[in-house]
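Structural overview for review
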Amino acid sequence: MSTGPRVVGQRLPRLDAPGKVTGTAVYAADFALPGMLHGKVLRSREAHARLLGVDAARARTLPGVRAVITAADVPDVRYGGALKDETVFARDKVRYVGQPVAAVAATTREAAEAALAAIDVAYEPLPAVFDVEAALAPGAPLIHEAWPTYTAIPILHREGNVCNRARIVAGDVERGFVEADRVFEHRFRTGMVHQGYTEPRAAVAVWDTSGQVTVWSNTQLPFEIQNTLAEILALPPSKIRVIVPGIGGGFGGKLRVGVEHFAALLARRAGRPVKIVTTCEEELTAAYPRQSTRVELKTGVTRDGRITAKAGRIWFDTGAFAGSGPGVASVATLVLAGPYRIPNLLIEGYAVYTNKTNCGSFRAPSGPQANFAVESQMDMIADALGLDPLDFRLKNIVREGDEGPTGQVLTAVGLEECLRRAAAAIGWADRRPTADRGKGLACGWWTTTGGSSGVYVKLNPDGTVALNTGAAEIGTAALTGAAQVLAEDLGVDLADISVVSADTFATPFDFGAQGSRTAFAVGNACRAAAADLRRQLCALAAAQWGVAAETLTVRDKHVVGDGKRIALVELARLSQASGGGLIAHGTFIAPPTAYDAKRVEAHVYPAFHSPSFHAHAVDLSVDRETGEVTLHRYVVAQDVGFAMNPTYIEGQIEGGVAQGLGQALSEEIVYEGGRVLNPNLTDYKMPTTLDLPRVESILVEHPSPVGPYGAKGVGEPPNIEPPAAVANAVAAAVGVRVTTLPITAEKVALALSGEATP
Amino acid sequence: MSFECHEPSSVTDAVALGARFGEEGRFLAGGTDLIIQMRRGKVGPRHVMSLHRVSGLDRIEADGAVRLGALVTHRTIERCPAFQGPLQALVESAAVVGGHQIRNVATVGGNIVNASPAADVVPVLLALDATVTCLGPDGERTLTLDGFLTGPGQTARRPGELLTSVRFDQLPPGSATAFVKAGRRKAMEISVVCVAVRLTLDAAHARCQEARIALGAVAPTTLRARAAERALEGQPLTDEVLRRAGRLAAGECGPIDDVRASARYRRLLVETLVPRALRRSLERIGRAA
Ligand SMILES: Cc1cc2nc3c(=O)[nH]c(=O)nc-3n(C[C@H](O)[C@H](O)[C@H](O)COP(=O)(O)OP(=O)(O)OC[C@H]3O[C@@H](n4cnc5c(N)ncnc54)[C@H](O)[C@@H]3O)c2cc1C
């Protein structure tokens, strides 16, 4: 065959670029249908209160109002992921400010808003808990009194306000501390942050006369939404069609049902299509942001810098419902162990209920919080031992064939190369080049999420190819990457591939755009489908020529062999004339990663599949008087396995770093007494271009034995290390160690002035 | 949100409409404060009077005293050649209002009448001893800017009065201005603290003849730090004198704790940024000499 890849691995422009650049691409928030109504959700004003009554009678009589629904009008079901603790509307009581209490649909948004204002809700306030400490205190009010009766996956360890405690136990941690020369204990905190997607959550729903509902939504997981809607609407999934027109960013915030169920319920009641788009305030008070955390780390080290034991605990404030909490608390234990050889471990992750919005998943869920603690502490220990932080890491990092924290055998471990190259690129030898300037390093590891993917691949009449996938293009160009794999394996050009995606009735199943898996899993499904289509093409040509199909190959848009060649366009014509055209099916499921089951408890995610490794380095200055941080350069060395399309991997790295720097320096949803103080983009501070440095990407390639052409998941990892890298660089620059996120100028300045411990 | 929109085409018409609607009406210049406040339900005017057809209020006159029409945009200030010298603080402040799109439409008049204690251009105008001119059915009134600003979102403007211009004198030789701002971001940022200063040195450049220090976001209104000013006037401006002015200014402001920053940090910023702005002014005078 050919001498090396022609399409995959090349810097080709993404397939969806023209539509997105020219503004013609349709996103869910653009979507409209004739006769469409506007839906709005009434949200609780109380953080924790008995719901005495919801009186919507007046709202129903207002002009333009076509439907008003409350808990009394919807099936009484509890839904959710690992733990089913959620209801469509608050029933017996409300559990956070922002919890849905009722919804209306009206002919205009203004009429819908007027109707919301006309619904009377009577509350009787209850004692509330607003942070993990309060929720865990003896005698704390229970957020869910009936928690033992809820349906949950059996492995969860639950107790009162704790909706899961995941654990890793390896070796003997107490013995490990005895073997250590020094034992270090530190505490950290991180703030709640929002994914900051450009497009708010949006859905349009319409019912047909057969009782089937179609929902256009910007969800990352159309098949999951189909199932959730089936639960909520008490209908079989075959009655529910979910289509993703386009997504203006998700980053994990659009995994779970957002407004789709309200749109569907209102549309059924009104008998007309209903559209709901969330407001900025709803996004910042009632979406699925990243959990705030508390972390405690205790690490034992020998004098020469070998880690002997680590005990770590991380508490996630998951809000009023479990949401992603039980899973995130599990994943966190692997991040908290870190990509280090540590013989003795006791790591726990807790998901804790509070009276705040339900947190969810955000690009590398748990990664930045846990990594901030781990990698800050690595530098603190190195400083205390008088070791260079790079050397200290190199002494302890995992290498090829090592065991991960739960006993998985690690292969394709590119961590040392990442660390050395990031350090070299930032000029590590000169770590404090001038006064108040410093450089910081942080490294980590992450998973390529599993789950299955199916694709259909169809030969078009002109010899081009349609790729039909259940995955949504979330903006990463993952489907362009998958299409590059397909083009490569079919001997066609990328421009010959067109993509149809994310329609639960028309496309095959896909586990969804989550967990850095789309290009990886859909790419592999494309490999399988391409092999199938090549077989079909060769069989068709072989039948024409009366030769054995095995002697033929597909190359340069032709089937060739036996001294002959026939173009795909000709084969397309033949197949349509005789056999209904050619269509191939390809599927993929990541093989399970073996681990030691004895080491884990209540763990939803015990091993990292095709793990990626990465190191970040930053060069910054601190204004000693104001505490302001100025970022000069940022370097990422990431082991991507194989770079399917370097341009878009760099895009993922730049975007992930920007988001991570936001969490590091400026972003935080601030609660006071159960209310968000900054529910707007005036005071929720995402970085601007002027706040960000140039991000330099170094793509390291230690091929995964499982990924397409060796690729590993790339989308989430760049978001993990920025907070730790920045904290370490600030410490290097001015000697102040900030152990809470965000590292605001205020914290740095007050610490420098000796006024406060950050 | 429901209101009637009016588009007067002259100052006279605007004033007449203003008089007619009084408290029920609001003028709309760039709309970058007003629209947001309406959307958040903070104000609910029955009548919105857009000033975009009113001509003659968007000019800068700088021969002799300087007059800025109320509709002069921040972009226009940023680019005004007359402000490149001693009046540079005007450029420095206008250049950090929001982003490009905001500066293209947002006006100096809006910045003043909105009366946010965190407004960026207002402290510079205060440091220039500016006066403002309002026009109402009873005629024209000129007030000091200091007297005009009475509280957060509150001014001495009478209901329906149109702000037409803001005026200040050219600076004597040996003068310079500077503006510095602190916030969580480097752009699109509401000041956590901002500081504007003006210095005039004596003929020998040995001592400070006149000083103005105005502070933003540390009191219910943009604030003159008078004690700090007094501590400079008549003194040779050594670094110790500048730092003392910073400490005095930090003492005389009255910041609050809010989601943007603590009062403690705001005071610390005042203490730091006042000498920093003064140093910058001194350098500018030195360079011009
Ligand atoms: C994204 C964003 C960022 C911002 N960043 C900054 C910043 O960094 N620094 C800063 O200082 N400000 C900032 N602002 C606030 C705003 O842009 C400024 O205050 C601006 O100068 C207001 O001018 P305007 O013309 O838009 O005022 P408008 O919104 O039109 O009016 C504001 C108020 O003044 C009244 N008014 C306006 N003109 C007159 C007049 N001639 N006579 C009588 N009353 C009048 C209006 O009725 C209204 O009450 C920002 C705003 C936004 C939206």
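Counting from 1, residues in each chain are numbered in the order their sequence is written. To read the labels, note that chains go from A and ligands from 1, taken in the order they are written. With the structure being a predicted model, the display of local features is reserved for residues of pLDDT at least 70 and the display and counting of side-chain atom pairs for 80 or more, all residues being used for whole-chain, interface and lining totals. Calculated side-chain values reflect all of the structure's heavy atoms, with hydrogen atoms and water omitted.

Comment: elements are numbered from the N terminus, with helices defined as DSSP H or I runs of at least four residues and strands as E runs of at least two. Looking only at helices and strands, chain A has 18 helices and 32 strands in total. Against the compact-globule benchmark of 27 Å for 758 residues, chain A has a radius of gyration of 27 Å, which places it among compact chains. Principal-axis analysis of the C-alpha atoms gives chain A an extent of 85 × 70 × 50 Å. Partly exposed residues are those whose accessible area sits between 20% and 50% of the maximum for their type, while under 20% is buried and over 50% is exposed, using a 1.4 Å probe and protein chains only. Looking at chain A residue by residue over its 758 residues, the buried ones come to 64%. In what follows, residue pairs with any heavy atoms lying within 4.5 Å of each other are defined as contacts. Considering only contacts within chain A whose residues lie at least 6 apart along the sequence, 80% involve residues at least 24 apart. With residues, only the protein chains shown are counted as cover, and all accessible areas are computed by Shrake-Rupley using a 1.4 Å probe. Of the roughly 25700 Å² that chain A leaves accessible, carbon and sulfur atoms contribute 53%. For the purpose of charge, His is not counted, nor are the chain termini; Lys and Arg are scored as positive and Asp and Glu as negative. Charge coordinates come from a single atom per side chain, which is NZ of Lys, CZ of Arg, CG of Asp or CD of Glu. Taking the average location of the 72 positive side-chain charges in chain A and that of its 79 negative ones, the two points are 2 Å from each other. In this description the radius of gyration comes from C-alpha coordinates, and the expected globular size is given by 2.2 Å times residues to the power 0.38.

Helix and strand content of chain B: eleven helices and 14 strands. In terms of C-alpha radius of gyration, chain B reaches 19 Å, essentially the compact-globule figure of 19 Å for 289 residues. Along the first, second and third principal axes, the C-alpha set of chain B runs to 55 × 45 × 35 Å. Here chain B, with 289 residues, has 54% of them falling under the buried criterion. Considering only contacts within chain B whose residues lie at least 6 apart along the sequence, 63% involve residues at least 24 apart. Here chain B has roughly 12300 Å² of accessible surface; of this, 49% comes from carbon and sulfur atoms.

Turning to the sheet that holds strand 19 (residues 437–446) of chain A, a few remarks are in order. All names here are of chain A. Ordered by their spatial adjacency, four strands build an open sheet running 19-28-29-32, and the pairing between neighbours is mixed. Of all strands in the sheet, those bounded by a partner on one side alone are strand 19 and strand 32 (694–700). Between one strand and the next, the sheet's axes are offset by a mean angle of 15°, whatever the strand orientation. Two strands are said to pair when DSSP picks up at least two bridges between them. Inspection of the sheet shows strand 19 paired to strand 28 (residues 612–622) by ten bridges, in the antiparallel sense. Along strand 28, the bridge assignment pairs G444 with H614. In this analysis, axes come from line fits to C-alpha atoms, helices being fitted only over the stretch in contact, and the angle between any two N-to-C directions falls in the range 0 to 180 degrees.

Only residues above 30% relative accessible area that lack a salt bridge enter a patch, with like-charged residues linked at up to 9 Å and the nonpolar side chains Val, Leu, Ile, Met, Phe, Trp and Tyr linked at up to 5 Å. Whenever a carboxyl oxygen of Asp or Glu lies within 4 Å of a side-chain nitrogen of Lys or Arg, that contact is scored as a salt bridge. Taken together, the side chains of I153, I155 and V604 of chain A define a hydrophobic patch exposed on the protein surface, amounting to about 210 Å² of accessible area. The topology assignment puts I155 of chain A in the loop between strand 9 (151–152) and strand 10 (162–170).

All names here are of chain A. Any pair of Phe, Tyr and Trp rings, taking the six-membered ring for Trp, is counted once the centres come within 6.5 Å. Such a pair is stacked with planes under 30 degrees apart, edge-to-face with planes over 60 apart, and tilted for the rest. Scanning the entire structure with this criterion turns up twelve aromatic pairs over all chains. Consider the rings of Y96 and F321, whose centres lie 6.4 Å apart with planes at 80°: the pair is edge-to-face. Note that Y96 is positioned in the loop between strand 6 (93–94) and strand 7 (100–106) and F321 in the loop between strand 17 (307–319) and helix 9 (325–337), a separation of 225 residues in sequence. Consider the rings of W315 and Y350, whose centres lie 5.6 Å apart with planes at 15°: the pair is stacked.

It is worth spelling out the site of the ligand at this point. Residues and elements named next belong to chain B. One heavy atom within 4 Å of a molecule or strand makes the whole residue count as near it. Near the ligand there are 32 residues, and of these F27, G30, T32, D33 and T107 occur at the shortest range. V96 is positioned with one of its backbone polar atoms (N or O) 3.2 Å from an oxygen atom of the ligand. In the model, an oxygen atom of the ligand is placed 3.0 Å from a nitrogen or oxygen of the E189 main chain. Counting residues per element, the ones that place at least two in the shell around the ligand are strand 2 (25–28), helix 2 (34–39), helix 6 (108–114) and strand 10 (162–168). Partitioned by chemical class, the residues of the shell around the ligand number 16 nonpolar, nine polar and seven charged. Any pair of N or O atoms that falls within 3.5 Å is considered a polar contact. Within protein, one atom must be able to donate a hydrogen and the other to accept it, and sequence-neighbouring residues count only if both atoms are side-chain atoms. Under the scheme applied, nonpolar residues are Ala, Val, Leu, Ile, Met, Phe, Trp, Tyr, Cys and Pro; charged residues are Asp, Glu, Lys and Arg; polar residues are all the others, including Gly.

A few words on the environment of V738 of chain A. Residues and elements named next belong to chain A. Inspection of the secondary structure assignment puts V738 in the loop between helix 17 (722–734) and helix 18 (745–752). The buried category is assigned to V738, whose relative accessible area is 1%. Counting along the chain gives 179 residues from V738 to V559, while the straight-line C-alpha distance between them is 63 Å.

As a further point, take the pairing of strand 2 (residues 49–55) of chain A. All names here are of chain A. Of the pairings in the sheet, the one linking strand 2 to strand 6 comprises two bridges and is antiparallel in character. In the strand pairing of strand 6, R50 is matched with K93. Pairing analysis gives six bridges linking strand 2 to strand 8 (residues 120–125), with the strands arranged antiparallel. Bridge assignment links A49 to a residue of strand 8, and that residue is P125.

What follows deals with the domain arrangement of chain B. Each domain's extent was defined by an automatic or database domain assignment. The domains assigned to chain B are domain 1 (4–49), domain 2 (60–169) and domain 3 (175–288). A separation of 35 Å is found between the C-alpha centroids of domain 1 of chain B and domain 3 of chain B.

On to the packing of helix 14 (residues 518–545) of chain A against helix 15 (residues 568–578) of chain A. All names here are of chain A. Close contact between helix 14 and helix 15 brings their axes to 10 Å; oriented N to C, the two are set at 80°. Judged by the angle between their axes, helix 14 and helix 15 are roughly perpendicular. In contact with L537, L540, A541 and Q544 of helix 14, helix 15 contributes L568, L571, L574 and S575. Tallied by class, the residues present in the contact of helix 14 with helix 15 amount to six nonpolar, two polar and no charged. Each angle is binned into one of four classes, with values under 35 degrees roughly parallel, values over 145 roughly antiparallel, values of 65 to 115 roughly perpendicular, and all other values oblique.

Residues that lie three or four places apart on an α-helix share one face, since the helix turns once every 3.6 residues. What a helix is expected to span follows from its residue count: subtract one and scale by 1.5 Å. Taking 1.5 Å as the rise per residue, helix 9 of chain A with 13 residues should run 18 Å; its terminal C-alpha atoms sit 19 Å apart, in good agreement. Once helix 9 of chain A ends, the next one or two residues include G338 of chain A, with phi positive near 85°.

Right, let's talk about the domain arrangement of chain A for a bit. Residues and elements named next belong to chain A. Domain boundaries assigned for chain A yield domain 1 (17–25 + 450–589), domain 2 (37–126 + 198–249 + 254–285) and domain 3 (292–448 + 595–752). Taking only C-alpha atoms into account, the centre of domain 1 sits 38 Å from that of domain 2. Contact residues are listed per partner, giving 17 residues for domain 1 and 18 residues for domain 2. Each of two parts loses accessible area, computed with a 1.4 Å probe, when they are put together; buried area is these two losses added. Counting the surface domain 1 buries against domain 2, the share from its top three residues, I474, T504 and F505, is 45%. The interface formed by domain 1 and domain 2 contains one salt bridge. Its salt-bridge partner being D503, residue R241 comes within 2.5 Å of it at the nearest N-O pair. The tally of links between domain 1 and domain 2 comes to five residue pairs in polar contact (both at pLDDT 80 or more). Taken together, the residues of the side of domain 1 that touches domain 2 sort by class into nine nonpolar, five polar and three charged.

Turning our attention to the side chain of N396 of chain A. Residues and elements named next belong to chain A. If you trace the backbone, N396 turns up in helix 11 (residues 389–396). For N396, a relative accessible area of 1% gives the class buried. Side-chain polar atoms of N396 contact the backbone oxygen of G305, separated by 2.8 Å. N396 has contacts with G305, R306, I307, P339, Y340 and R341, leaving out every residue within four places of it along the chain.

Further remarks concern the pairing of strand 5 (residues 83–86) of chain A. Residues and elements named next belong to chain A. Summarising the sheet, strand 4 (residues 79–80) and strand 5 pair through two bridges and their orientation is antiparallel. Its bridge partner being in strand 5, G80 is matched across the sheet by K84. Bridge analysis of strand 5 against strand 9 gives two bridges, and the strand direction is antiparallel. Across the sheet, the residue bridging to K84 is T151, located in strand 9.

So, on to the sheet that holds strand 8 of chain A. The three strands lie next to each other as 6-2-8 (chain A), forming an open sheet whose pairing is antiparallel. Looking at which strands have only one partner, the edges of the open sheet turn out to be strand 6 and strand 8 of chain A.

Before going further, it helps to spend a moment on the pattern of salt bridges. Going through the model one piece at a time under the given rule, you end up with 77 salt bridges over all chains. One salt bridge connects R189 of chain A with E133 of chain A, and the closest N-O pair in it is separated by 2.4 Å. Here E133 of chain A lies in helix 4 (residues 132–136) and R189 of chain A lies in strand 11 (residues 182–190), a separation of 56 residues in the sequence. What makes E133 of chain A partly exposed here is its relative accessible area of 29%. The partner of R303 of chain A in a salt bridge is D181 of chain A, with the nearest N and O atoms 3.4 Å apart. On the criterion of sequence distance, the pair formed by R303 of chain A in the loop between strand 16 (292–301) and strand 17 and D181 of chain A in the loop between helix 5 (173–179) and strand 11 is long-range, its members being 122 residues apart. Accessibility expressed as a relative area gives 63% for R303 of chain A, which makes it exposed. Looking at D181 of chain A, the relative accessible area reads 37%, which means it is partly exposed. Salt bridges here are not isolated pairs; linked through shared partners, they connect D129, R198, E210, R212, R224, E229 and E233 of chain B.

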